[in-house]
Amino acid sequence: VQLQASGGGLVQAGGSLRLSCRASGRTFSNYGMGWFRQAPGKEREFVAAITWSGGSTYYADSVKGRFTISRDNAKNTVYLQMNSLKAEDTAVYYCAADKDGRAEVAGIRYDYWGQGTEVTVSS
C-alpha cells in the first residue's frame, strides 16, 4: 500500500490544521493507521493511532484533547485534526499503516509509511 500525506503548512499558535493521509489499494479498511511526527533534531514520536474499524483511538499525552484522529474507509483516508496548535507541535508528520489492523504506539509495528507533511506553528 502507498500512503500520501497532505495538509501541512504554516499556522499561528492557537490555530488549526487538518492532515490527510490517502492510501492506495483496496485493503485500506483492514489497516490500523497511525500518525507520527519528527521535529528537527529530535527522534520520531507517536502522535495518534486508530484501529481498522475506527472503534478505538489512542493519543500521545502531549496532544490529547487537542488532536483527533479519524478515518473514512470509503475514501481510503485517515485524518488528523489538530486544534490549539503550539510551537512545539512543529514537525514533519508521517502517517503509517499496520496490516494487522491494530492501533500501535510503536513505530516499528507499522508496515508502511507515507512521505511526510510539514507543519510549522509560529508563536
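In what follows, the accompanying structure is described. On a predicted model such as this, the values are computed, not experimentally measured, just so you know.

1. Observations regarding the sheet that holds strand 7 (residues 67-72)
Here we have 4 strands laid out as an open sheet, ordered 1-3-8-7, and antiparallel in their pairing. Strands at the two margins of the open sheet, each flanked by one partner only, are strand 1 (3-6) and strand 7. Pairwise comparison of adjacent strand axes, ignoring direction, gives a mean angle of 15 degrees for this sheet. Pairing between strand 7 and strand 8 (residues 77-82): 6 bridges, direction antiparallel. Along strand 8, the bridge assignment pairs Phe67 with Met82.

2. Examining the state of the cysteines
Summed over all chains, the structure comprises 1 disulfide. Here Cys21 connects covalently by a disulfide to Cys95, the sulfurs 2.0 Å from one another. Judged by the sign of its S-S torsion, about 65 degrees, the bond between Cys21 and Cys95 is right-handed. Here the residue Cys21 occupies a position in strand 3 (residues 17-23), and Cys95 occupies one in strand 9 (residues 91-98), the gap between them amounting to 74 residues. Across this residue pair, the class does not change: Cys21 and Cys95 are buried.

Calculation criteria
Residues numbered from 1 in each chain as written. Predicted model: local features only at pLDDT ≥ 70, side-chain atom pairs only at ≥ 80, totals over all residues. Heavy atoms only, no water. Pairing = 2+ DSSP bridges. Helix = DSSP H or I, 4+ residues; strand = E, 2+ residues; numbered from the N terminus. Axes fitted to C-alpha atoms, helices over the stretch in contact; angles between N-to-C directions. Disulfide = S-S within 2.5 Å. Buried < 20%, exposed > 50% of the residue type's maximum accessible area, 1.4 Å probe, protein only.

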